[in-house]
Amino acid sequence: QVQLQASGGGLVQAGGCLRLSCAASGGIFSRADMGWYRQDPGKQRELVAKVSAGGSTDYTDSVKGRFTISRDNAKKTVYLQMNSLEPEDTGVYYCNEKLYGVDVWGKGTLVTVSS
């Protein structure tokens, strides 16, 4: 059974940076599409960035040019490098794995960006 462990959240001032990590245990990481989602209080979880098993990436418009998603299949880890953070980036970030039609979610990590 796949488990995802996210880390790297914290409090940062606007303009700062953070790097989130999500380590997978079990499963076939290299064949999975991986993503980072953000959930604000009272709102639905929304896609922030994703990277396919083949390495293709996609980002929501608000983070393009500021965030970079990457993966290390040898370490079974996906990263989200977040630069030029804005208060609007504040939220709980969740790691997601999609493989053979099955979604797996990790526990969220809180990112707070102060103005």
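Refer to the preceding data block for the structure.
Residues numbered from 1 in each chain as written. Predicted model: local features only at pLDDT ≥ 70, side-chain atom pairs only at ≥ 80, totals over all residues. Heavy atoms only, no water.

Caption draft 1: A look at the pairing of strand 11 (residues 109–114). Only one face of strand 11 is covered, namely the face carrying Thr 109, Val 111 and Val 113; the face carrying Leu 110, Thr 112 and Ser 114 is uncovered. One ladder, built from four bridges, connects strand 2 (residues 10–13) with strand 11; its direction is parallel. Residue pairing for strand 11: Leu 11 is matched across the bridge by Thr 112. Pairing of strand 9 (residues 91–99) with strand 11, which is carried by three bridges, proceeds in the antiparallel orientation. Looking at the pairing, Tyr 93 lines up with Thr 109 of strand 11. (Buried < 20%, exposed > 50% of the residue type's maximum accessible area, 1.4 Å probe, protein only. Helix = DSSP H or I, 4+ residues; strand = E, 2+ residues; numbered from the N terminus. Pairing = 2+ DSSP bridges.)

Caption draft 2: Representation of the pairing of strand 4 (residues 33–39) in the model. Within strand 4, five of the seven residues are buried, which leaves the element mostly enclosed by the surrounding structure. Two elements, strand 4 and strand 9, share seven bridges in a ladder whose sense is antiparallel. Along strand 9, the bridge assignment pairs Met 34 with Glu 97. Connecting strand 4 to the antiparallel partner strand 5 (residues 46–51) that follows it, the hairpin turn spans six residues, and Gly 42 within it adopts a positive phi of roughly 80°.

Geometric descriptors of this kind do not, in isolation, establish any biological role.
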